[in-house]
Amino acid sequence: MSIAVCRNLTKRYGHITALKNINLEIEGGKIIGLLGPNGSGKTTLIKLMSGILTPDEGDALICDEKIGVNTKKIVSYLPERTYLNDWMRAKDIINMFSDFYRDFKADTAYEMLKKLNINADDRLKTMSKGTREKVQLVLVMSREAKLYLLDEPIGGVDPAARDYILKTILNNYSEDASVIISTHLISDIEPVLDDVIFIKEGNMVLHSTVDEIREKNNKSVDALFREVFAC
Amino acid sequence: MLGKAIKYDILAQYKSFCVVYAGIIISSIFFRILDSFSDNLGRVGKVMSSVIGSIFTILVIASIFMVFILAVTRFYKNLMRDEGYLTHTLPMPTWQLILSKLITAYIFTIATIIILGFAFGIFSGEYLWLFELIEQSSYIKSEMIAEAGPGIIPLIRIGLIYAVLAPFTFLSQVYFSFSIGNLSNKNKLGFSILTYFGVNCVNQILGFIFISIGAFNSNLITNSVYTATDDKAVLSELSSIFNGYMILFLLVPIALYILANYIFTKKLNLE
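Just so it is clear, the structure is predicted and the values come from calculations on it, not from any experiment.

### Focus on the overall build of chain A
- When you go through chain A residue by residue, the secondary structure sums to nine helices and 10 strands.
- In terms of C-alpha radius of gyration, chain A reaches 17 Å, essentially the compact-globule figure of 17 Å for 231 residues.
- Once the C-alpha set of chain A is aligned to its principal axes, its extents read approximately 50 × 35 × 35 Å.
- Considering chain A as a whole, with its 231 residues, one finds that 53% of them fall into the buried category.
- Contacts spanning at least 24 positions in sequence make up 69% of the contacts within chain A whose residues lie at least 6 apart.
- Split by element, the accessible area of chain A, about 10200 Å² in all, is 44% carbon and sulfur.
- If you average the places of the 31 positive and of the 34 negative side-chain charges in chain A, the two averages end up 5 Å apart.

### Some remarks on the pairing of strand S9 (residues 195-200) of chain A
All names here are of chain A.
- The buried count for S9 comes to five of six residues, which makes it a mostly enclosed element.
- Alignment of strand S3 (residues 31-35) against S9, held across four bridges, turns out to be parallel. By the bridge assignment for S9, Leu34 is matched with Ile197.
- Counting the residues that bridge the hairpin from S9 to strand S10 (residues 203-209) gives two residues, and of these Glu201 lies at a positive phi of roughly 50°.

### A word on a negative patch on the surface
- A surface patch of like charges, here negative, comprises Asp194, Asp211, Glu212 and Glu215 of chain A.
- Structurally, Glu215 of chain A is set in helix H8 (residues 210-217).

### Structural notes on the packing of aromatic side chains
- If you walk through the whole model with that rule in mind, you get 18 aromatic pairs over all chains.
- When the ring of Tyr196 of chain B is compared with that of Phe197 of chain B, the centres are 6.0 Å apart and the planes differ by 70°; the resulting orientation is edge-to-face.
- Between Arg143 of chain A and the ring centre of Tyr101 of chain A, over which it is positioned, the NZ or CZ distance is 3.8 Å.

### Quick word on the domain arrangement of chain B
Residues and elements named next belong to chain B.
- Per the domain assignment, the segments making up chain B are domain 1 (1-135) and domain 2 (139-271).
- In this assembly, 20 residues from domain 1 lie in contact with 23 residues from domain 2.
- Each partner contributes to the roughly 1900 Å² buried at the junction of domain 1 and domain 2, and carbon and sulfur atoms together form 79% of this total.
- Summed over the shared surface of domain 1 and domain 2, the number is zero salt bridges.

### Details of the state of the cysteines
- Scanning the model with the defined rule gives zero disulfides over all chains in all.
- Free cysteine Cys63 of chain A: the closest other cysteine sulfur is in Cys6 of chain A, separated by 13 Å.

### Quick notes on the interface of chain A and chain B
- Counting residues at the interface gives 30 residues for chain A, matched by 29 residues for chain B.
- Buried area between chain A and chain B, summed over both chains or domains, comes out near 2500 Å², and the portion from carbon and sulfur atoms is 61%.
- When the buried surface of chain A facing chain B is broken down by residue, Ile52, Trp87 and Phe100 of chain A rank first, second and third, together holding 27% of it.
- Counting across the chain A and chain B interface gives two salt bridges.

### Considerations on unusual backbone geometry
Residues and elements named next belong to chain A.
- You will see that Cys63, though not glycine, has its phi angle at about 50°, which is positive.
- The residue Cys63 is located in the loop between strand S4 (57-62) and strand S5 (65-66) in this model.
- In this structure, Glu152 is a non-glycine residue whose phi angle is positive, near 50°.
- Structurally, the position occupied by Glu152 is in the loop between strand S7 (147-151) and helix H6 (159-172).

### Observations regarding the sheet that holds strand S2 (residues 16-27) of chain A
Residue and element names in this part refer to chain A.
- The strand order across the open sheet formed by four strands is S2-S1-S4-S5, and the pairing between neighbours is antiparallel. Lying at the two open borders of the sheet, with one neighbouring strand each, are S2 and S5.
- Where helix H1 (residues 42-50) meets the sheet, its contacts fall on strand S1 (2-13), S2 and S4, and the angle it forms with S1 comes to roughly 120°.

### Description of the packing of helix H7 (residues 152-181) of chain B against helix H8 (residues 188-217) of chain B
Residue and element names in this part refer to chain B.
- Where H7 meets H8, the axes come as close as 7 Å, and the angle between the chain directions of the two elements is 135°. With respect to their mutual orientation, H7 and H8 come out oblique. For H7 against H8, the interelement crossing comes out right-handed. Here Thr169, Phe170, Gln173, Val174, Phe176, Ser177, Phe178, Ile180 and Gly181 of H7 come into contact with H8, specifically with Lys188, Leu189, Phe191, Ser192, Thr195, Tyr196, Val199, Asn200 and Asn203.
- In terms of residue class, the contact of H7 with H8 is built from nine nonpolar, eight polar and one charged.

### A few points about the pairing of S7 of chain A
Residue and element names in this part refer to chain A.
- The buried count for S7 comes to five of five residues, which makes it a mostly enclosed element.
- By the alternation rule, side chains of S7 split into Leu147, Leu149 and Asp151 and Tyr148 and Leu150, which are all buried.
- Looking at chain direction, strand S6 (residues 75-78) and S7 are connected through four bridges and run parallel. Across the sheet, residue Val75 finds its bridge partner in S7, namely Leu147.
- Summarising the sheet, S7 and strand S8 (residues 178-182) pair through five bridges and their orientation is parallel. Directly across from Leu147, in S8, lies its bridge partner Ser178.

### Some remarks on the sheet that holds S6 of chain A
All names here are of chain A.
- If you trace the six strands from one edge of the open sheet to the other, you get S6-S7-S8-S3-S9-S10, paired in mixed fashion. Lying at the two open borders of the sheet, with one neighbouring strand each, are S6 and S10. Across the sheet, the mean angle separating the axes of adjacent strands is 15° when strand polarity is ignored.

Calculation criteria
- Residues numbered from 1 in each chain as written.
- Chains lettered and ligands numbered in written order.
- Predicted model: local features only at pLDDT ≥ 70, side-chain atom pairs only at ≥ 80, totals over all residues.
- Heavy atoms only, no water.
- Helix = DSSP H or I, 4+ residues; strand = E, 2+ residues; numbered from the N terminus.
- Rg over C-alpha atoms; globule rule 2.2 N^0.38 Å.
- Buried < 20%, exposed > 50% of the residue type's maximum accessible area, 1.4 Å probe, protein only.
- Contact = heavy atoms within 4.5 Å.
- Areas by Shrake-Rupley, 256 points an atom, 1.4 Å probe, with all protein chains shown as cover.
- Lys, Arg positive; Asp, Glu negative; His and termini not counted.
- Charge placed at Lys NZ, Arg CZ, Asp CG, Glu CD.
- Pairing = 2+ DSSP bridges.
- Patch = residues over 30% accessible without salt bridge, like charges linked within 9 Å, V, L, I, M, F, W, Y side chains within 5 Å.
- Salt bridge = Lys/Arg side-chain N within 4 Å of Asp/Glu carboxyl O.
- Phe/Tyr/Trp six-rings, centres within 6.5 Å; stacked < 30°, edge-to-face > 60°.
- Lys NZ or Arg CZ within 6 Å of the ring centre and 35° of its normal.
- Domains from an automatic or database assignment.
- Buried area = accessible area lost by both parts, 1.4 Å probe.
- Disulfide = S-S within 2.5 Å.
- Axes fitted to C-alpha atoms, helices over the stretch in contact; angles between N-to-C directions.
- Parallel < 35°, antiparallel > 145°, perpendicular 65-115°, else oblique.
- Left-handed = near helix turned anticlockwise from the far one by under 90°.
- Nonpolar A, V, L, I, M, F, W, Y, C, P; charged D, E, K, R; others polar.

Shown next as structure tokens:
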């Protein structure tokens, strides 16, 4: 069974069409890189799959279900911005996730915070932007979800933390789950990717496995990206 | 899930309320102490007592406004700003998300009324005024009936129902306005505020039409208010008019709540 299916998915912002007729099928057990330049529609696609946006045409299905309460139970979404409540401590937000998500593992979250040297008693408003992003990633990856939607998970953190975050993503998703990662930092994530999706001006221009890209084009994903999206 | 959402809404707001509640209680206690000794303290004591009295009044007004300001800002921040990225991905239906905000607003309204009742008791020195009021309610009721006729009771009852429904009326307009504002790609807040004024205007016009129709269909207009010498009959007529208006007063907020839920569910546009 496919984890996620998009059928003729279209989204417009006023006169601008951010996504045009996207048809996509994501299988379980894969890490997929969602790649494209700024404004290409990556974030819009992730938002549509998470239910933050509603499509103008077409639909998205997660485990054969239309986006709604049931899909939110199995989708773990990391937005590109901080959504944490300032008044909370890290442990409060862990309690909140435990309350709302059945698949959330509080022990895993505490363990990950410890490895990242983040004190669970610290208030979120006293944390730096990078630390908050780490806390968010910890929360998202501490769920045993079917689909992880990660929008720029390594964009705001230092290179040393990036390695840990990528390791965290690799170690924490179950074998039948899939991870969609949107990022500009292709060379950093290339080693962990199974598939890549290139999005250009709202159109999906490529959906392929990393191995195919290397075999057919004799290039790395990073090199192909630079070629496809050359200015 | 609804209960959990209410729990986190209360947790997010209770500290702000506690500060104001503490201020109200402390200022009422200080006022009572200073007022008791005002004769001995002289002019300074009187000045201090009036300053504390003013602080108390300001805090009382602030607490009433705060209930509504926090209800509105919490909704805006939690559903339409960055926090919405978490709120809208929680595994619960949108109607529960909106309802949790409404119930929380009612909880803080009731808490504020209780605190204010308690603080007024301290402030005035009549600590048991509320209990006395309840105790003497049957006497007050019979006095009112004797003075204004039995028509006054349904009118008071209607007034109380309106008072209970008023926060729902206000907040449903706010929620609906935000849901419309959410559709804008440029200025969601500005669009929401404009919608609120528009909805409020339509609501007022509808209310005016509804009451006018009720008045024209009653004996108040046909027999002319000016010739009606029986005040009791006038009160009875007013009760029936406002009874009819209550249908609108209840139906409009319910309709706005349903529409807000529909828009946030089907047309969510969180940028």
